[in-house]
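A structural walkthrough
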Amino acid sequence: MTTSFLLSPAAALLAGALALLFTRGIARKAALLAFPLLALVLVWQVPSGSISANYLGYALIPIRADALALLFGAVFALAAFLGTLFALDRSSTLELSSALVYAAGALGVVFAGDWITLFAWWEIMAIASTLIVACGGEKAYGPAFRYALVHFLGGVLLMAGIAGEIAMSGSTTITSLKPDTWARWLILAGLLVNAGAPPLWAWISDAYPASSWSGMVFLSVFTTKTAVYVLMRAFPGVECLVWVGLAMGVYGIVYAALENDIRRLLAFAIVSQVGIKVAGVGIGTPLALNGVAAHSAAAVIYTALLVMVAGSVLRQTGKTRMSELGGLADSMPLTAFTGMIGALSIAAFPLTSGFVSKSMIIEAAAREHLAGPWIALMVISAGAVLHAGLRLPWLVFFGSPRPRIAAADPPQSMRIAMALAAVLCFVAGIVPDGLYVMLPHAVTYVPYTASHVLVQVQLLAFAALAFYLMRDWLKPQAGITLDFDWLYRRLGARLARGFDDLTAGAWTRLVSGINGKAARLHDLLLTHHGPAGTFGRAWPTGTMAFWTTFLLGAFLLIAAMG
Amino acid sequence: MRDTRKTSAVPLKILAGKDLRKIGLAVLVVLVLLDLVVTHYRHFGVDGTFGFAAWFGALACFCLILLALAVGSLLRAPEGTYDD
């Protein structure tokens, strides 16, 4: 067991994180690239089946490998490699070490076969990702703190649910569950917090854009996708997930359409895309789950690509507001080109990875005759042009510069990372069978039929027409759109301040009241027992002798009478 | 970083060109006309009808933009809203 664990992909990434602390220069760069690649190799070496252990009387399954775990494991390791390649010039050892620990946590969750192991890796992810956010600089400390609060709340919900589930069922093994007990609802709630589900979805748009130009690449990959992965394991076919996912899908588009900051826009796009997957988990048929797995794999790469593009723009221009950007296609041609490929992928244009994966989920809804979810998924699919699909590249790379910005494509390692991700988007889209053979269920879906292709092209082309005709209404405007986080960032703060004022006033009154009474008591004591008081002043010796004699005489008299 | 002040924004020129608009319109028309030769499988009746995905895509995007504008009119706030 120990040998298997030490040779697990997660252990390789933990070793990489440790290595970064003791290396410099070329060795550090080599370690940054080598350990994620080693993890990718080790994913394929994980023995199929499960490895068991015992801890405090609980049966643990630290490693369980099947088709779904291998797919997510491989994609996560690949994304970790792309992320470290992109971040090769990043000097923050804390961020990069945390990124490798974060990736290790994600791989640990993927291969975990029991809830206790999963929870341990889950919390490692929460801590490591908080550190990545905080590495965005002083302005990121607030978002990092709020990120940590939300994720620790999610962790508490998950832990409580796991404890209840183990107490009730006696089993620690992760299996398909129905949310029919409070413990299972708590587990579901804990998972949905990490997926970016309502009402706590604002942590994504709050924290991710606050991270550094490289940090957001890692953040965009692991947390939400591991949540989708565990939802696939534990709650396939749970109907409420369909509606939660669709709400996320529409929310992400609407907020992204209003957003001015490119990285916050991408954060909303992430929520929208994760929503499609959560809805797919809720549909729960083999085709839908295949679609979720394929779309997760595709989304990891194209989201990372788009975030890399936004990171390149930030690094090279120092700007992220679309109202201050535009016309960068001339000065950053490779960034613009790869960004367009990422845009086509997220919009699910034929020949890209998004098309061969997202269409499976929509087809699953159609085959189940789920009219409402199908319409909503089609709307969300068309709505991709309102965020990263068209609006972002249009305004950043082709729109009129305000004013013209002097910039250039980023350094070579960043260019290679973006180019590799772009190639992967096309490869998966052109040769979908390479992706389909890794899916958890047998695939009976053919993406490239004339009907599928035409429907998708028509959908996107006319959505783009609507966007073009109404583009003036969606010009980037300075400002933010208030979200649920207003409740704890503004209302909660005001309530806390009001409570503070109230309690402070009451405390002041209490203290002053006690002080007044204590002062009066003090004065009283001083009157009688003070230096000038009756009992406190110095009495003459004669008076003392008189009263002593009087008391002794009285005592003798009383004794004689008795 | 090199100054791109003097370079021409070629994609911008192309996108702003009237020719492209005509080409785009022609492409949209061709895409709809292709429904005459491509058979769609109908799951709900309305899907698979002539030009369904075209009008649906435009309408969906139109509705989402209106929804976004409505949300924006209610919930937009200055950038420093949370700065204390």
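The rules behind each value
Residue positions are given per chain, counting from 1 as you read along its sequence in written order. Whichever chain is written first is A, and whichever ligand is written first is 1; the rest continue in order. This being a predicted model, a pLDDT of at least 70 is required before a residue's local features are given, and a value of 80 or more before pairs of side-chain atoms are given or counted; all residues contribute to the totals for chains, interfaces and linings. Think of the side-chain values as coming from all heavy atoms in the structure, minus any hydrogens and water. Helix and strand assignments follow DSSP, with helices taken as H or I runs no shorter than four residues and strands as E runs no shorter than two, numbered in order from the N terminus. It only takes one pair of heavy atoms within 4.5 Å for two residues to be counted as in contact. What sets the accessible areas is the Shrake-Rupley method with a 1.4 Å probe; for residues, cover comes only from the shown protein chains. Accessible area, probed at 1.4 Å, shrinks when two parts are joined; the buried area is that loss added up over both. Whenever a carboxyl oxygen of Asp or Glu lies within 4 Å of a side-chain nitrogen of Lys or Arg, that contact is scored as a salt bridge. Residue polarity follows a fixed list, in which Ala, Val, Leu, Ile, Met, Phe, Trp, Tyr, Cys and Pro are nonpolar, Asp, Glu, Lys and Arg are charged, and the others, Gly among them, are polar. Only strands that DSSP links by at least two bridges are regarded as paired with each other. Axis definition: a line fitted to C-alpha atoms, limited for helices to the stretch in contact. Angles are taken between N-to-C directions and run from 0 to 180 degrees. Here the angle decides the label: under 35 degrees means roughly parallel, over 145 means roughly antiparallel, 65 to 115 means roughly perpendicular, and every other value means oblique. Buried, partly exposed and exposed residues are distinguished by accessible area as a fraction of the type maximum, computed with a 1.4 Å probe on protein chains only: under 20%, between the cut-offs, and over 50%, respectively. An automatic or database domain assignment supplies the start and end points of every domain. Between N or O atoms, a polar contact is any pair within 3.5 Å; within protein, one atom must be a potential hydrogen donor and the other a potential acceptor, and residues adjacent in sequence are included only when both atoms are from side chains. The pairing test for Phe, Tyr and Trp rings, Trp by its six-membered ring, is centres within 6.5 Å, and the orientation test on the planes gives stacked under 30 degrees, edge-to-face over 60, and tilted for anything in between.

Attention now goes to the overall build of chain A. On a plain count of helices and strands, chain A comes out with 22 helices and three strands. With the principal axes as the frame, chain A shows a C-alpha extent of 130 × 60 × 55 Å. The contacts in chain A between residues at least 6 apart in sequence include a share of 80% that link residues at least 24 apart. Accessible area for chain A stands at about 21600 Å²; split by element, carbon and sulfur atoms hold 71% of it.

In this assembly, 63 residues from chain A lie in contact with 51 residues from chain B. Carbon and sulfur atoms supply 70% of the area buried between chain A and chain B, which totals about 5000 Å² over both sides. On inspection of chain A and its partner chain B, the count reaches one salt bridge. For the salt bridge of Arg321 of chain A with Glu79 of chain B, the shortest nitrogen-to-oxygen distance reads 2.6 Å. Broken down by secondary-structure element, the contributors of at least two residues to the side of chain A that touches chain B are α11 (239-258), α15 (353-367), α16 (371-383), α17 (391-398), α20 (450-469), β3 (480-481) and α21 (485-529) of chain A. If one sorts the elements of the side of chain A that touches chain B by residue count, α20 of chain A sits on top with 14 residues. Residue composition of the side of chain A that touches chain B, by class: 43 nonpolar, eleven polar and nine charged. Pairing between β3 of chain A and strand β1 (residues 76-77) of chain B: two bridges, direction antiparallel. Within β1 of chain B, the position partnered with Thr481 of chain A by the bridge is Arg76 of chain B.

Residues and elements named next belong to chain A. Between helix α14 (residues 333-346) and α17, the shortest axis-to-axis distance is 10 Å and the interhelical angle comes to 170°. Between α14 and α17, the angle falls in the class roughly antiparallel. Residues Thr335, Ala336, Met340 and Ala343 of α14 form the contact with α17, whose participating residues are Pro393, Phe397 and Phe398. Taken together, the residues of the contact of α14 with α17 break down into six nonpolar, one polar and no charged.

Next up on the list: the environment of Val423 of chain A. Tracing the backbone shows Val423 of chain A in helix α18 (residues 412-430). For the pair Val423 of chain A and Asp261 of chain A, spaced 162 residues apart in sequence, the C-alpha separation works out to 27 Å.

The next thing to look at is the pattern of salt bridges. All names here are of chain A. In the structure shown here, the tally under the stated rule is 13 salt bridges over all chains. For Arg146, the salt bridge goes to Asp206, with nearest N and O atoms at 2.7 Å. Here Arg146 is found in helix α7 (residues 141-169), whereas its partner Asp206 is found in helix α9 (residues 202-207), with 60 residues between them in sequence. By the burial criterion, Arg146 is buried, and Asp206 matches it. Residues Glu324 and Arg321 are paired through a salt bridge, measuring 3.6 Å at the closest nitrogen-oxygen approach.

With that out of the way, let us pick up the pairing of strand β1 (residues 49-55) of chain A. Residues and elements named next belong to chain A. By the bridge criterion, six bridges tie β1 to strand β2 (residues 58-65) in an arrangement that is antiparallel. Residue Ser50 lies in a different strand from β2, and its bridge partner there is Arg64. Linkage of β1 to β2, two consecutive antiparallel strands, is achieved through a turn of two residues, within which Leu56 is found at a positive phi near 50°.

So, about the domain arrangement of chain A. Residue and element names in this part refer to chain A. Parsing chain A into structural domains produces domain 1 (1-232) and domain 2 (236-494). Using C-alpha coordinates to define each centre, domain 1 is positioned 23 Å away from domain 2. Across the boundary between the two partners, domain 1 contributes 52 residues, which contact 54 residues of domain 2. Of the roughly 4300 Å² buried between domain 1 and domain 2 on both sides combined, carbon and sulfur atoms contribute 79%. Of all residues in domain 1, Phe86, Trp201 and Met232 give up the largest surface area on contact with domain 2, accounting jointly for 16% of the area buried on that side. In this structure, the connection of domain 1 to domain 2 is made through one salt bridge. The residue Arg489 makes a salt bridge to Asp206 at a minimum N-O spacing of 3.5 Å. Along the contact surface separating domain 1 from domain 2 lie five residue pairs in polar contact (both at pLDDT 80 or more). Breaking the side of domain 1 that touches domain 2 down by element, the ones donating at least two residues are α4 (67-86), α7, α8 (182-195), α9 and α10 (215-234). No other element matches α4, which puts 13 residues into the side of domain 1 that touches domain 2.

For the structure on display, the rule yields 23 aromatic pairs over all chains. Pairing Phe76 of chain A with Phe222 of chain A gives two aromatic rings, centres 5.4 Å apart and planes at 75°, and the pair type is edge-to-face. Taken together, the residues span a long stretch of sequence, with Phe76 of chain A in helix α4 and Phe222 of chain A in helix α10 at a distance of 146 residues. The pair formed by Phe76 of chain A and Phe222 of chain A is uniform in burial state, with each residue classed as buried. Ring geometry for Phe52 of chain B against Phe56 of chain B: centres 5.3 Å apart, planes inclined by 35°, an arrangement best described as tilted. With Phe52 of chain B and Phe56 of chain B both in helix α3 (residues 52-75), this residue pair falls four residues apart, about one helical turn.

Residues and elements named next belong to chain A. Omega for the peptide link from Pro198 to Pro199 comes to 5°, which places this bond in the cis form. Position of Pro199 among the secondary structure elements: in the loop between α8 and α9. In this structure, Ala348 is a non-glycine residue whose phi angle is positive, near 60°. With respect to the secondary-structure elements, Ala348 resides in the loop between α14 and α15. For Leu351, which is not a glycine, the phi torsion comes out positive at approximately 80°. Secondary-structure assignment places Leu351 in the loop between α14 and α15.

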